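Residue-level listing of the chains:
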Amino acid sequence: MRSTRIVISAAMLGALALPVLPATTASAMPASSCSSQPPLPYTVHTKAVTIRSKATTKSTALGVLYKSHKFTVHKKSGNWLYITDKTTGVKGWVSGTYVYRDVRMCLD
């Protein structure tokens, strides 16, 4: 008997915790699609990543990109990205393992 009360209480609490969403129709949704929106920017997803002269870990280090730095990606070669650091103006290669573009989820 006691376990039944616990189960019922948990179910009731779960139902109360659900947010109430307004009903929307397809015509009320925005008409823009994901393809019409600009791509999301690339970001550094670690504390820092080294900017290198060539697309290899054995090449000369030219600088460092930190998580807050803004940068532009010019081209890709395998898992490497040729970038320009907007803060310092340094151009070079960074590993795509640590630098990547966020993705947008579309519900078209």
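Look up: the structure comes first, before these words.
Quick notes on the rules
- Residues numbered from 1 in each chain as written.
- Predicted model: local features only at pLDDT ≥ 70, side-chain atom pairs only at ≥ 80, totals over all residues.
- Heavy atoms only, no water.
- Helix = DSSP H or I, 4+ residues; strand = E, 2+ residues; numbered from the N terminus.
- Buried < 20%, exposed > 50% of the residue type's maximum accessible area, 1.4 Å probe, protein only.
- Contact = heavy atoms within 4.5 Å.
- Areas by Shrake-Rupley, 256 points an atom, 1.4 Å probe, with all protein chains shown as cover.
- Core = buried A, V, L, I, M, F, W, Y, C linked by side-chain atoms within 4.5 Å.
- Pairing = 2+ DSSP bridges.
- Polar contact = N/O pair within 3.5 Å; in protein donor to acceptor, adjacent residues only side chain to side chain.

Asks: So what about the overall build of the protein chain? Which residues, and what values?
Replies: For the protein chain, the helix and strand inventory stands at one helix and seven strands. Sequence-ordered secondary structure for the protein chain, helices as α and strands as β, is α-β-β-β-β-β-β-β. Within the protein chain, the proportion of its 108 residues that are buried is 19%. Long-range pairs, those at least 24 residues apart, make up 44% of the contacts in the protein chain with a sequence separation of at least 6. Counting only carbon and sulfur atoms, one obtains 61% of the accessible surface of the protein chain, whose full area is about 8,400 Å².

Asks: Got a sec to walk through the nonpolar core? Specific residues and values, please.
Replies: Grouped together as the largest cluster of nonpolar side chains are ten residues: Tyr-42, Val-44, Val-49, Ile-51, Leu-65, Phe-71, Leu-81, Ile-83, Val-94 and Val-99. Mapped by element, the contributors of at least two residues to this core are strand S1 (42–44), strand S2 (48–52) and strand S5 (80–85). For Val-44, the contacting residues outside a window of four places in its chain are Val-49, Leu-65, Tyr-66, Lys-67, Phe-71, Tyr-98 and Val-99.

Asks: Go over the pairing of strand S6 (residues 91–95), please, and point to the residues and values.
Replies: Note on strand geometry: in a regular strand, side chains alternate between the two faces of the sheet. When you tally the buried positions in S6, you get four out of five residues, the bulk of the element. Note: S5 against S6, five bridges, orientation antiparallel. The residue bridging Thr-84 from the neighbouring strand is Lys-91, located in S6. Between S5 and the antiparallel strand that follows it, S6, lie five residues; Gly-89 among them carries a positive phi value of about 85°.

Asks: Provide a residue-level description of the environment of Thr-88, including the pertinent values.
Replies: Within the element layout of this structure, Thr-88 appears in the loop between S5 and S6. The spatial distance from the C-alpha of Thr-88 to the C-alpha of Gly-63 is 8.9 Å, given a sequence separation of 25 residues. At 3.1 Å, the side chain of Thr-88 and the side chain of Asp-85 are in polar contact.

Geometric descriptors of this kind do not, in isolation, establish any biological role.
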